[in-house]
Amino acid sequence: MISTLQPLTESMFYTLMALYNHDTFGTEIAEFALNITGGRIQLGPGTLYTIISKFVNEELIVEISVEGRKRTYSITNKGRLLFESELERLKSMVREAESIIGGTKDE
């Protein structure tokens with residue numbers, strides 16, 4: 001098992017997604033989640049910084065710099081593996097559901 005945080009919540013999943021390709025800081029993570037989901041996922045400071053704290057403790061991300069209150073984070077290999085594992089789990093769930101309903105239907 002990669003992490004005790006599995007399966008990831010949506011907020012956790014989008015936090016790792018935001019960090020997957022580049023280092024970033026808290027407000028950028030929140031903006032990323034808001035933008036990519038069309039406003040469906042809104043990470044408030046309490047939720048976001050709780051997730052970040054858990055991810056640092058689990059060594060899924062690391063803090064790489066601090067400028068005043070701005071802390072920049074980077075995803076670790078362990079974090080990448082967890083994100084990729086969760087992505088595959090979600091894809092499997094969609095495939096299984098589609099097999100039950102006969103695939104996606106065009107309207």
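These figures come from a predicted structure and were not determined experimentally. (Residues numbered from 1 in each chain as written. Predicted model: local features only at pLDDT ≥ 70, side-chain atom pairs only at ≥ 80, totals over all residues. Heavy atoms only, no water.)

A. Structural view of the pattern of salt bridges. Here the structure, examined in full by the defined rule, presents four salt bridges. In this structure, the salt-bridge partner of Glu10 is Arg40, at a minimum N-O distance of 2.3 Å. One end of the pair, Glu10, is in helix α1 (residues 10–20); the other, Arg40, is in the loop between α2 (26–36) and α3 (45–57), with 30 residues separating them in the sequence. Put simply, Glu63 and Arg71 hold a salt bridge, and the shortest N to O gap is 2.9 Å. Looking at Glu63, the relative accessible area reads 38%, which means it is partly exposed. Exposure remark for Arg71: the relative accessible area of 38% places this residue in the partly exposed category. (Salt bridge = Lys/Arg side-chain N within 4 Å of Asp/Glu carboxyl O. Helix = DSSP H or I, 4+ residues; strand = E, 2+ residues; numbered from the N terminus. Buried < 20%, exposed > 50% of the residue type's maximum accessible area, 1.4 Å probe, protein only.)

B. Quick look at the side chain of Thr76. Positionally, Thr76 belongs in the loop between β3 (70–75) and α4 (77–101). Its relative accessible area of 18% is what places Thr76 among the buried residues. The residues contacting Thr76, other than those within four sequence positions of it, are Glu59, Leu60, Ile61 and Val62. (Contact = heavy atoms within 4.5 Å.)

C. Expanded view of the nonpolar core. Judged by nonpolar contacts, the single largest core of 24 residues is most densely connected at Leu8, Leu16, Ile29, Leu43, Phe55 and Ile61. If you list the elements that add at least two residues to this core, you get α1, α2, α3, β3 and α4. The greatest single-element share of this core, amounting to seven residues, is contributed by α1. (Core = buried A, V, L, I, M, F, W, Y, C linked by side-chain atoms within 4.5 Å.)

D. Structural context of the sheet that holds β3. The three strands are arranged β1-β3-β2 in an open sheet whose pairing can be described as antiparallel. This sheet does not close on itself; its edge strands, each paired only once, are β1 (24–25) and β2 (61–67). Pairing between β2 and β3: six bridges, direction antiparallel. In the strand pairing of β3, Ile61 is matched with Ile75. (Pairing = 2+ DSSP bridges.)

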